[in-house]
Structure formats: C-alpha cells, structure tokens
Amino acid sequence: MGCSSSKPAGNKRPSGVGQRMSKKEVNQRIDSINETCATTFGGVSVRYAYLSQRGYYPDDPYKANQDSYSLTHNFIGRESDAFFGVYDGHGRDGDKCAQFVRDNLPPLTASIVKKELQNEIKNAVSNGEDSDDLSKSMELPKDVLQNVLTKAHVMCNKKMHACKDLDDTLSGTTSISMYLHGNRNKITVSNVGDSRAVIGRSTDSILKKEGASSTLKAFALSRDQTPYRRDERIRCRKSGARVLSLDQIEGLEPINEDEDEEGNGEGDMVLGEEIDEGGDPPRIWSPNGDYPGTAFTRSIGDAIAEELGVFAEPEMLSRELTKEDKIIVLASDGVFEFLTNQSVIDICAKFTDPLEACRAVVAESYELWLQYEMRTDDITMICIFIDDVGSPQGSTTKDLGVVASVASAASGDGVDDDLISNTARPVRSTMTAEKSRAIMMAKKNMSRSVRDVTEFEEEDFDLESLFTEKTAEEKASIAEAIRASVMFQNITDDQRELIYKAMEPMPVKEGQLIIKQGTVGDRFYIVDEGRFEVRIVPESKLAEEGAVGNCVHVYEGSRENHSHPSFGELALMYSAPRAASIIAQSDGLLWALHRYAFNKVIAEQSSKLEAEKMLKKIDVFKSFSSDSLKELASSLCEAKFSRDDVIINEGDVGDSMYLVLPGGSCKSVRTSKNGSESEVDLKEGGFFGEEVLKGGPENKYQSTVTATNKMTCWTLQKSDAKRVISSLRKEGATNMA
C-alpha cells in the first residue's frame, strides 16, 4: 500500500548559534509535502497536503518534533480506501511514541479489517453469493468496523508497552485518524486524546434564504477527551485519579470535591475554562503523588496514567460525505490552543491550494503561541479539499444507515448536521501569567529602536496622513491576511476600507532587521512578498551585544500563492515589548499598520472602554479629558497574580498603579503613624498604587496589597502617565503635583 509519513524530527543545531540559518536549516524545522496531491478514492475526489512545524522551547531549543502523521493510499489493498492520521507525542519519549503509532496503527488496522472482511465474505458465500464480487464490494457494518478500530488502538497500545526501544511509563501520544471508504463515500474518525478532526460544510442553501454571502461552517468530527468533560472526569476518578489544576495542587486555588457527585447536573467544567485562560487546565493525578499530570483522559502509551483511567480506547464517528462537505482538517492540539474550529476552516477556505492553507493555519497558530506564551507547541496539520463526491458505488454491507455517531450512540437516517456540538476544551484568548510577568519586566527594561517606535504622540496622530490608495491586487493581499487574523474578524466594510488606506507599504532588503526583540512595538505587519525569519534570544542573553538568537520560524509571503502571513498583532492592543526579532531573509514588501491607526479605525475594545470609566473614578484623573483618558487606557498593560501574591509593599518605591479587573480581589493593608493597621478589601473596579503617580521625592507605596484569589489587573506605569500629564500641565488642566 502506498503511504506518506512524517520524517524523523529535524533537530540539528544550526551552523552557528546567533548566525543566520541557511534555507536548508530553516526547512529542517518544517516537514511538509512538496506539492499538493490530487487523487480519487472511489467516488470521492480530493486534494490534500500536510505540514508539521517543530515547536520552540526556550529551555530546550533543539527538542525534537514530537508530532507525527501518516497518509496511506490503497488501504487494505483497495484503491478506494485511504487512512489519514496525526499523532501528538508527549513526555520524554513522546517523539518515539508518536512515530511508533504512525508505523503500527495503520498496518494493524488494515490487518484486522482484512480479517473481518474475510469472515463477512465467508458468511455471504455460504449463503450463495459470488466471492469474486464480494472481495471488491464488501464493506464492514459500522458497529463491526468501530469494534475493529477499537481493537487496533488497544493492540497498538499493548505493543507500545512491550516495545524495548522506548519508555512509555510517562510518555505517550494522542491520535486522531480518519478511515476513508471511497466506494461508500464514508468516513470513520477515531479519536484518542485532544487532537481534532473538523469538517467545513457549505451552507449556501441556508445563507441564500437569509440573503447572506456563501461561506463554510465548521463542524467537529471529534470531541476532546480532557478533564473538562464531566463524563471523562467521573470515569477517571472511578479509577482512583485526582482531577486538579496545577494551582489547585499547589494550594493556590480551592478544590471542589463534590463537583461531580450525582445530582449536580450534566455539563462540563466551568471552573476549568477560567483556569485554562492562564494556561493551567485540569489534569489527571495519582492519589499517591503529583504525577502524571496529563491534560487529557485518553492516550496511547502512558502506562502509569493508564492505571488512572487514561486508556487507549477511541471515540468514533461514522458518516457519509455529501456534496456540501468541502474541507476536512486533522490537526494536533497546537493548532486549536488559540484558534477555534471555525477560524481554522475560515483560513483554509480562502485558499485554492490545501498546502497553502496548511502554511497559513500553522503560521497563524505559531504567531499566537509566540504572542501569548513563552514557548510554542509542535504543530501538525493534514488538510483535505473535497472536490467532488459522486454517487456511492456498488457495495455490500449489512449496515446501510451510516450516520454521525460517537462511541455507542444510536444510528439514524441521513446526515446529522449537528455532528459534535461541543469539543469541551476552551480556546485561550489571554497570555499566561508567566508571559504577562515577562512583558512587565521587559517593559521596565526595554529600549526603543529608531525603526520600531512612534515618532509622535497619539493626540498628534493624523490618520489621513498615512492614507495611500491601493490597487485591487494590493487590497486583495491585505484582505487575505487580515481575514486569517482574529484581531480583524468583526470589522465592518467601512473599517476594512480605512485599514486598506492606512496600511503603509514598506519595501525591505535582505538582512534588514524589521523588529528587535525587547523593543517596544507599535506596528502590525503583513507579508506581501518575501521570507522573514523569527529569532528569539533567551532572556539570560538579551543584554549581550549582538545577540540575535536562534531561528524558530519563517514567514513566507507570495502573491502567486496567495500567501500573506502576518506578525506583531500584540502591538495593536497595547505598547508591549516585542517577543522576538524578525529579520528579512530576502528582498520583499511588507504592509505595516500603526497601533494608533488601528485605534482610530477600530472602535475601542469594550475592555478599554471599561478602563476609561475606571480611570475616570480616580481622583487624580477626574480632570482629564475624554481623549486623555483614552490615551491612558491605551497604555494599560495586563498583569496576572496568583492567590497570596504580594503585589506591592508599603514603603517600596513604585512605578505603577493597578486597576482590579472582573473576578479579582485583593487585600490592602496600611500602617498608621501610631503603628495600627487598617485593612480594605478591593474587588472589581477597585484600584491602588495611584499615589506614586503624583510625583514627589520618594514615590513610595502607602500600603501593602496582597491578592486574595487568582486575579488580573490593568497596570499603568508612571512613565506612560507622565506623557499625558505633562501636556495637560501646560494647559493647566490637571490637579496633579
């Protein structure tokens, strides 16, 4: 049987740390098909591509890619059948575990399917049917096929336990696979863990009735198996597992022992969604110690976790493909950490080539990881464009009612458009506490480069001065790029036209430094043409002169391929230090959007509007104009704190004030001259530390403030406030000292 599979992870060290990597060295980080493959499986004509991007880990920059994938044509000896799989390894031997499943699950499945087909044929022949015809047309009933797939996964798991070439005690892999039966236009998706399969379906018939434009709607073909799911938590707890987040393990968050008791209702964890916003999901732990800590409830391998209910039995979904089905994506969870199923399908839908779709999704995922985390995950994706679905060809099966069904769900007639309504793992939209602290620290120490800093204050900013007319082709390039960005998903047509005008063309030369790590950022960039490498210097080496770090990613823009990745979105939200350096590998063209232009075009985010209201309540800002408050709000930076964190200390010299955001609470203690202490509880809308903004020789905090739960604050630095205050002093419009 013909097949493609992931290559051994490329983790060769570059020719010189701190030197530019060659194109060959950069490409070693990416494993992809050379060009899109077009083929037909029975009545299903498809084009598919795959791409796997090695992640960036600051503590282990040469860590192997732990993702693998496989694509098998002529599955079970039939040209009409194919098998696709993505495997996401974890733990010390995660790469070996993923490669083991890649090499063993498809042939194991094929072997068992063939055996069951022979049994079905033998039974049919005994009833007088022609064996020659049956060998080509016989299909397994859905329940038999799903039992076969379960058996294959369980056998693969046992083989891994017995393998002497790897240690799966605390290592393993997730698996998302799709068995395509072309003669029946049928797919069966098997899921173990938290990788995903998603299908994009044409909704023309619905949208035409509503007068809307054509689009694709995303439906899940799998459901994440994580502790967010109540049924999975209960199952693992019955095996003796504890289900807790890291903060709960460390005593920083409360533990609700009764949350899954009978009678508490159905549904999935709500607390977990709040925990995961800080990158701290609920995990599986042994009752005897703080291990293994898996964030999923099913896996192949993970021998210790298996004793706690983390087993290798897949959940499955079987359905017939129809002409409304246009795109299928199988991907590791690195894609879905910050992107919704719909976002992934939207990005894919704007391309005519699935390979370009893979590149765009992986690039967007990678950029979001760099924005919100100190690292990036390995990211792997198979994208299948369905060009045509013909009438089912002649086949024999005892189960003609093939519809969407998960695990033991009952069958019905037709195709279930609901498919799987809830994937049960929230998409993160905020940075981790670690990333937040790193930004705050960098902001205190950052330098400002000539290239990447505003030369004017926001009140003097003239949006129209940036306006340039764009050609239809240039607008198309910008539109393609911003459509893939979550920052621009809800803009109006008028706002889009203003963005077109405000985008600044920026020709670049090979070797040119576009962004320098650690400098304040104020522009968002779209790659029109050219290759641009992303380099990250470890924090310990940032101060070293000439340090440029190692290349962790490459953005490549091409008008011919309609590929226009973007970077620097965080600069549109607030003035934050750049997390990486960007260097041009070739001559090219960028489109740049200034943060002030973005603020002018896009209505202030609701959170910033709330920030303005909060600032207005503070005495020192009551005399400020609306425009001044807006400028202050645009300078706010987010900071996260855990329970019992001391945020400020009485008597310490300070440089920031804090505003408490929804859900947060803290305790402020002030010592009087006679030594007595007064205590105040601060909640949403509260603020503290404003005294350091008033000036004076010492600028010391007058109270000690401690977080009483996990909380988030807006912080306003004195240097940011000083710009606004100085201009108001000239006008005599402020009462600050």
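> Just to check I follow, could you spell out the packing of helix α11 (residues 341-349) against helix α12 (residues 354-372) for this structure?
Pairs of packed helices are described in terms of their axes, by the angle between the two and the distance that separates them. Between α11 and α12, whose axes approach to 8 Å, the crossing angle comes to 140°. The pairing of α11 with α12 is recorded here as oblique in orientation. Viewed along their axes, α11 and α12 form a crossing whose handedness is right-handed. Between α11 and α12, the residues in contact are V344, I347 and C348 and A357, A360, V361 and E364, respectively. Per-class residue counts for the contact of α11 with α12 are six nonpolar, no polar and one charged.

> For this particular structure, what's the right way to read the environment of H553?
With respect to the helices and strands, the residue H553 is situated in strand β21 (residues 550-557). With 19 residues separating them along the chain, H553 and V534 place their C-alpha atoms 5.1 Å apart. Excluding anything up to four places from it in sequence, H553 contacts Q53, A363, Y366, F532, E533 and V534. Reaching out from H553, the side chain makes a polar contact with the side chain of Q53 at a distance of 3.2 Å.

> How do you make sense of unusual backbone geometry when you look at a structure like this?
With the exception of glycine, most residues fall at negative phi, and the peptide bonds are largely trans. Between Y291 and the following residue, P292, the backbone shows a cis peptide bond with an omega angle of -5°. Relative to the elements of secondary structure, P292 occurs in strand β13 (residues 292-294). With phi around 50°, N74 is a residue other than glycine that occupies positive phi space. By secondary structure assignment, the location of N74 is in the loop between β5 (67-72) and β6 (81-90). A positive phi angle, near 50°, is found at D302, a position not held by glycine. Within the secondary structure layout, D302 lies in the loop between β14 (300-301) and α9 (303-306).

> Before we go on, may I ask you to explain the sheet that holds strand β12 (residues 283-285) in this structure?
Two strands in a sheet stick together by hydrogen bonds in their backbones, pointing the same way (parallel) or opposite ways (antiparallel). Spatially, β11-β12-β13 is the arrangement adopted by the three strands of the open sheet, whose pairing is antiparallel. Looking at strand neighbours, the two that pair on one side only are β11 (242-244) and β13, the edges of this open sheet. On average, each strand axis in the sheet is tilted by 30° relative to the strand beside it, whichever way the strands run. Two elements, β12 and β13, share two bridges in a ladder whose sense is antiparallel. Within β13, the residue paired with I284 across the bridge is T294.

> I tried to follow the packing of aromatic side chains on my own but got confused; where do I start?
To describe a pair of aromatic rings, you give the distance between the ring centres and the angle between the ring planes. Counted according to the given criterion, the structure contains eleven aromatic pairs. Arranged with centres 6.3 Å apart and planes meeting at 85°, the rings of F41 and F84 form a pair that is edge-to-face. Taken together, the positions of F41 in strand β3 (residues 37-41) and F84 in strand β6 put the pair 43 residues apart, joining distant regions of the chain. Each of the two residues, F41 as well as F84, counts as buried. Measuring from centroid to centroid gives 6.3 Å for F641 and Y658, while their planes differ by 65°, and the two rings are edge-to-face. Linking F641 in strand β25 (residues 637-641) with Y658 in strand β27 (residues 656-660), this pair joins segments that are 17 residues apart in sequence.

> Looking at this model, I keep getting lost on the pattern of salt bridges. Mind explaining?
Any two side chains of opposite charge can pair, on the condition that their charged atoms come close. Scanning all chains against the criterion turns up 24 salt bridges. Close ionic contact of R92 with D167 constitutes a salt bridge, the shortest N to O distance being 3.5 Å. One end of the pair, R92, is in the loop between β6 and α2 (94-125); the other, D167, is in the loop between α4 (142-162) and β7 (172-181), with 75 residues separating them in the sequence. A residue is classified by how much of its surface remains accessible, and R92, at 69% relative accessible area, is exposed. Residue class for D167 comes out partly exposed when judged on its relative accessible area of 32%. Look at the salt bridges and you will find they share partners, linking R92, D93 and D167 into a network.

Scoring rules and cut-offs
- Residues numbered from 1 in each chain as written.
- Predicted model: local features only at pLDDT ≥ 70, side-chain atom pairs only at ≥ 80, totals over all residues.
- Heavy atoms only, no water.
- Axes fitted to C-alpha atoms, helices over the stretch in contact; angles between N-to-C directions.
- Helix = DSSP H or I, 4+ residues; strand = E, 2+ residues; numbered from the N terminus.
- Parallel < 35°, antiparallel > 145°, perpendicular 65-115°, else oblique.
- Left-handed = near helix turned anticlockwise from the far one by under 90°.
- Contact = heavy atoms within 4.5 Å.
- Nonpolar A, V, L, I, M, F, W, Y, C, P; charged D, E, K, R; others polar.
- Polar contact = N/O pair within 3.5 Å; in protein donor to acceptor, adjacent residues only side chain to side chain.
- Pairing = 2+ DSSP bridges.
- Phe/Tyr/Trp six-rings, centres within 6.5 Å; stacked < 30°, edge-to-face > 60°.
- Buried < 20%, exposed > 50% of the residue type's maximum accessible area, 1.4 Å probe, protein only.
- Salt bridge = Lys/Arg side-chain N within 4 Å of Asp/Glu carboxyl O.

Such coordinate-based values are descriptive only and should not be taken to indicate function.
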